[in-house]
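# Summary of structural features
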Amino acid sequence: MLYLWIKAFHIIAVIAWMAGLFYLPRLFVYHAAAETGSVQSETFKVMEQRLLRIIMNPAMILTWIFGLTLAWQGNVWSEPWLHAKLALVVAMTIFHMWLSACWRRFAADANTYPARTYRLANELPTVLLVGIVILVVVKPF
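Numbering of residues begins from 1 in every chain and follows the order in which that chain's sequence is written. Residues qualify for local features only when their pLDDT is at least 70, as the model is predicted, and side-chain atom pairs are given and counted only at 80 or more; totals for whole chains, interfaces and linings, by contrast, use all residues. The side-chain numbers reported here are obtained from all heavy atoms of the structure, hydrogens and water having been left aside.

### Topic: the overall build of the chain
So the rule is basically this: A run of H or I in DSSP becomes a helix once it reaches four residues, and a run of E becomes a strand once it reaches two; helices and strands are each numbered from the N terminus. With a 1.4 Å probe rolled over the protein chains alone, any residue whose accessible area is under 20% of its type maximum counts as buried; one over 50% counts as exposed, and the rest are partly exposed. Per-residue and other accessible areas were derived by the Shrake-Rupley procedure at a 1.4 Å probe size, with only the shown protein chains allowed to occlude residues. For this count, His and the chain ends are skipped, Lys and Arg are scored as positive, and Asp and Glu as negative. Note on charges: their place is set at NZ of Lys, CZ of Arg, CG of Asp or CD of Glu.
Looking only at helices and strands, the chain features 5 helices and 0 strands. In sequence order, the secondary structure elements of the chain are arranged as α-α-α-α-α. By its C-alpha atoms, the chain is 50 × 25 × 15 Å across when sized along the principal axes. When the 141 residues of the chain are sorted by exposure, 36% land in the buried category. With the model as given, the accessible surface of the chain reaches about 8,000 Å², and the carbon-plus-sulfur share is 71%. Each charge class in the chain can be summarised by its mean position, and for the 11 positive and 6 negative side chains these summaries are 7 Å apart.

Structural data, given as structure tokens:
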């Protein structure tokens, strides 16, 4: 029964993390177009900070904790699909860290990327999510 509770909390954490990974780059698209120092730019700073600190960071940490607990409980460490999934989750974590670095640049009014960069970056979480879900559900190897 505990395994199912852990799985439920893992899924909830993943959903919250993914929501942030989809939304933060979209906020950056609009923020990049806002004039530095404007009311709009300052509003984006607050929205981005809250999203990252209150939702995304805790959700990422909980995703890792519950996911590793599930792997341990299910004794699947030797499964090739899990290794591939973990590689994709590491890539997603690196993307999260890149977004955090971008947020710090926005907060300092030092963004160097155009809106198009964030528009393209917005697609990466979808690709990673598709790969992760296929690996977990289908277990192709």
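### Comments concerning unusual backbone geometry
The phi dihedral of Asn-75 falls on the positive side, at around 50 degrees, and the residue is not glycine. Within the secondary structure layout, Asn-75 lies in the loop between helix H2 (39-74) and helix H3 (80-107). Relative accessible area serves as the criterion here: at 63%, Asn-75 is assigned to the exposed category. Backbone geometry places Lys-139, a non-glycine residue, at a positive phi of 50 degrees. Take Lys-139: it is sitting in the segment after helix H5 (124-138).

### A few points about the layout of surface pockets
For the record, the criterion: Only protein atoms enter the 1 Å grid, on which a cavity is a set of points fitting a 1.4 Å probe that cannot get out and a pocket is an open set with protein on both sides within 12 Å along at least 5 of 7 lines, lining residues being those with an atom within 4 Å of a point. Grid points are joined across faces, edges and corners, and a volume is the space filled by probe spheres set on the points. The residue classification treats Ala, Val, Leu, Ile, Met, Phe, Trp, Tyr, Cys and Pro as nonpolar and Asp, Glu, Lys and Arg as charged. All others, Gly included, are polar.
In this structure, the largest pocket spans a volume of roughly 610 Å³. Taken together, 28 residues form the lining of the largest pocket, with His-10, Leu-70, Lys-85, Ile-132 and Val-136 sitting closest to its centre. Every element with two or more residues in the lining of the largest pocket is listed here: helix H1 (2-33), H2, H3 and H5. Tallying contributions element by element places H1 first for the lining of the largest pocket, with 8 residues. Considering only residue class, the lining of the largest pocket consists of 21 nonpolar, 4 polar and 3 charged.

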